[in-house]
Amino acid sequence: AQTVTQSQPEMSVQEAETVTLSCTYDTSESDYYLFWYKQPPSRQMILVIRQEAYKQQNATENRFSVNFQKAAKSFSLKISDSQLGDAAMYFCAYRSARRGGSQGNLIFGKGTKLSVKP
Amino acid sequence: DAGITQSPRHKVTETGTPVTLRCHQTENHRYMYWYRQDPGHGLRLIHYSYGVKDTDKGEVSDGYSVSRSKTEDFLLTLESATSSQTSVYFCAISESYGTGRPDTQYFGPGTRLTVL
């Protein structure tokens, strides 16, 4: 079974600085997807970024980028120029790419709470 | 934002009573999911659906049942609520774009359920 581990329960960053959130996963599959979701105090789950395992290029979305190391099974999220609105829980998630069976269910890490200091 | 609504948004009930949570989507997506979120556990899958009347169990399905009679609605039922089912429940949807594989999941706003 696949597992996702976020080893940093809490992180803090100064406004305008850069922070990196860590995520590791365990799988025997070669084809899968990885995601970062943000959950602000409103509780809404918001997709931040997604990475396909077959792509070597790291995904980027504006100030958010990932460092995907497939051999090491590592998927970290870098937030540049941190803003007060980035304060939230961040969840790393894994999804198999195979058909049938789990039908694409997400496996989540336990989350990292990010605080942004003004 | 994906058109997903959940009702009710908050509910307090007593142990032993039946509870039904509703997820409604306007996106006509094939796949729908129910997760629960508890402190220290992240989100865990309860049940999912891959089409009308097609459902299957997830990681934490005991004590829950689901139904999907229409593409747009996915109901989660607690037949006899227990205090251990106090949680925040999220619905999610995703589509399959020709590959037959579910694509990215988008989440509803969540329902906070308290069982006394």
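Residues numbered from 1 in each chain as written. Chains lettered and ligands numbered in written order. Predicted model: local features only at pLDDT ≥ 70, side-chain atom pairs only at ≥ 80, totals over all residues. Heavy atoms only, no water.

Draft legend 1. Focus on the interface of chain A and chain B. Taken residue by residue, the interface counts 23 residues in chain A and 29 residues in chain B. Between chain A and chain B we count 0 salt bridges in total. Remark: the boundary between chain A and chain B carries 5 residue pairs in polar contact (both at pLDDT 80 or more). Within the residue set of the side of chain A that touches chain B, elements represented by two or more residues are β5 (32-39), β6 (46-52), β10 (88-96) and β11 (106-108) of chain A. (Contact = heavy atoms within 4.5 Å. Salt bridge = Lys/Arg side-chain N within 4 Å of Asp/Glu carboxyl O. Polar contact = N/O pair within 3.5 Å; in protein donor to acceptor, adjacent residues only side chain to side chain. Helix = DSSP H or I, 4+ residues; strand = E, 2+ residues; numbered from the N terminus.)

Draft legend 2. How the structure looks around the state of the cysteines. All names here are of chain A. Evaluation of the coordinates by the stated rule reveals 2 disulfides over all chains. Linked covalently through their sulfurs, Cys23 and Cys92 form a disulfide whose S-S length is 2.0 Å. Taking the torsion about the S-S bond as the criterion, the Cys23 to Cys92 disulfide, at about -70°, is left-handed. Pair noted here: Cys23 is in the loop between β3 (19-21) and β4 (24-26) and Cys92 is in strand β10, with a separation of 69 residues, a long-range link. (Disulfide = S-S within 2.5 Å.)

Function-wise, these values are silent; they only describe arrangement.
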